[in-house]
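# A look at the structure
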Amino acid sequence: PAMNPARHTSSPGSRFPARGAVLLEVILALVLFVGAVTVIGIAMSTSMEGVERQRMNVHAANLALSVLSEVQLGIRVPSGAGAEAFHQPFENWTAEVALSSLEDDPSGGGGLTRAEVVVRHRQAPIVYRVCQVFALDRSRPATRKEGPEK
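Attention in this report is confined to the structure presented alongside it. Residues take numbers from 1 onward in each chain, read along the sequence in its written order. At least 70 in pLDDT is required for a residue's local features to be given in this predicted model, at least 80 for side-chain atom pairs to be given and counted, and no such filter applies to totals for whole chains, interfaces and linings, which use all residues. As a rule here, side-chain values come from all non-hydrogen atoms in the structure, and water together with hydrogens is ignored.

Here we take up the overall build of the protein. Under the scheme used here, helices are H or I runs from DSSP no shorter than 4 residues and strands are E runs no shorter than 2 residues, and both carry numbers assigned from the N terminus. Scanning the protein from N- to C-terminus turns up two helices and four strands. When burial is assessed residue by residue, the protein has 22% of its 150 residues classed as buried. Within the protein, residue pairs in contact and separated by at least 24 positions form 53% of the contacts whose partners lie at least 6 positions apart. Of the roughly 10600 Å² that the protein leaves accessible, carbon and sulfur atoms contribute 61%. Only protein chains enter the area calculation, which uses a 1.4 Å probe; residues under 20% of their type maximum are buried, those over 50% are exposed, and those in between are partly exposed. Throughout, a contact is declared for two residues whenever any of their heavy atoms are within 4.5 Å. Computed by Shrake-Rupley with a 1.4 Å probe, the accessible areas treat only the displayed protein chains as cover when residues are assessed.

Shown next as structure tokens:
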């Protein structure tokens, strides 16, 4: 059977709804893609901020424990003048050391000393505190001058 060409050709008016639907699908796909990229970007940014914050906290802990170890070994004498800046490459960090004797403690400290080290970052809101009780040999002279390590 011969095909009637008039039957299979559509008028220009009937093609526009199909083109409009394709355009609507493309726009909807773009909106979904942009939304997904935005969500992924925000998640990545938040994750990177968390990693940086964790890195700074670990760095502060390392500095605080280093200062505490220096006090315990007798190579650092706390000046009592408050926070002291570290030298480069740690110039944005400060350390404050407070020593208190436990001899006045009612439990009888027995010559023990309580040392508290507070490390702060000057720009980021990072503060790390560490406290330890140990026997400090105050009769032994310090082998190093006061102040944070280089």
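Back to the write-up after that little detour.
Here we take up the nonpolar core. Joining through side-chain atoms within 4.5 Å is the link that ties buried Ala, Val, Leu, Ile, Met, Phe, Trp, Tyr and Cys residues into a set, and such a set is a nonpolar core. Val-67, Leu-68, Phe-86, Trp-93, Val-117, Val-119 and Phe-134 are the most contacted members of the largest nonpolar core, which has 18 residues in total. Of all the secondary-structure elements, those providing two or more residues to this core are α2 (12–73), β2 (93–101), β3 (112–121) and β4 (127–135). Looking at this core element by element, the count peaks at seven residues for α2. Ignoring any residue separated from it by four or fewer positions in sequence, one finds Trp-93 in contact with Met-56, His-59, Ala-60, Leu-63, Glu-84, Ala-85, Phe-86, Val-119, Arg-120, His-121 and Ile-126.

It is worth spelling out a nonpolar patch on the surface at this point. Patch membership requires more than 30% relative accessible area and the absence of a salt bridge. Residues of like charge join within 9 Å; the nonpolar side chains Val, Leu, Ile, Met, Phe, Trp and Tyr join within 5 Å. A carboxyl oxygen of Asp or Glu within 4 Å of a side-chain nitrogen of Lys or Arg is what we treat as a salt bridge. A contiguous nonpolar patch, built from Val-22, Val-26 and Leu-30 and spanning about 260 Å² of accessible area, is present on the exposed surface. Its relative accessible area of 48% is what places Val-22 among the partly exposed residues.

In this section: the pattern of salt bridges. Counted by the stated rule, this structure contains five salt bridges. Between Arg-76 and Glu-70 there is a salt bridge, and its shortest N-O distance comes to 2.7 Å. In this pair, the class of Arg-76 matches that of Glu-70, namely buried. When the shortest N-O distance is used, the salt bridge between Arg-129 and Glu-116 registers 3.3 Å. Of this pair, Arg-129 sits in strand β4 while Glu-116 is found in strand β3, placing the two residues 13 residues apart along the sequence. Salt bridges sharing partners connect three or more residues here, namely Arg-114, Glu-116 and Arg-129.

This part covers the pairing of β3. Counting buried positions along β3 yields seven of ten residues, so the element is predominantly enclosed. Here, strands pair whenever DSSP counts at least two bridges between them. As paired elements, β2 and β3 share nine bridges and run antiparallel to each other. Its bridge partner lying in β3, Ser-100 is registered against Arg-114. Pairing of β3 with β4, which is carried by nine bridges, proceeds in the antiparallel orientation.

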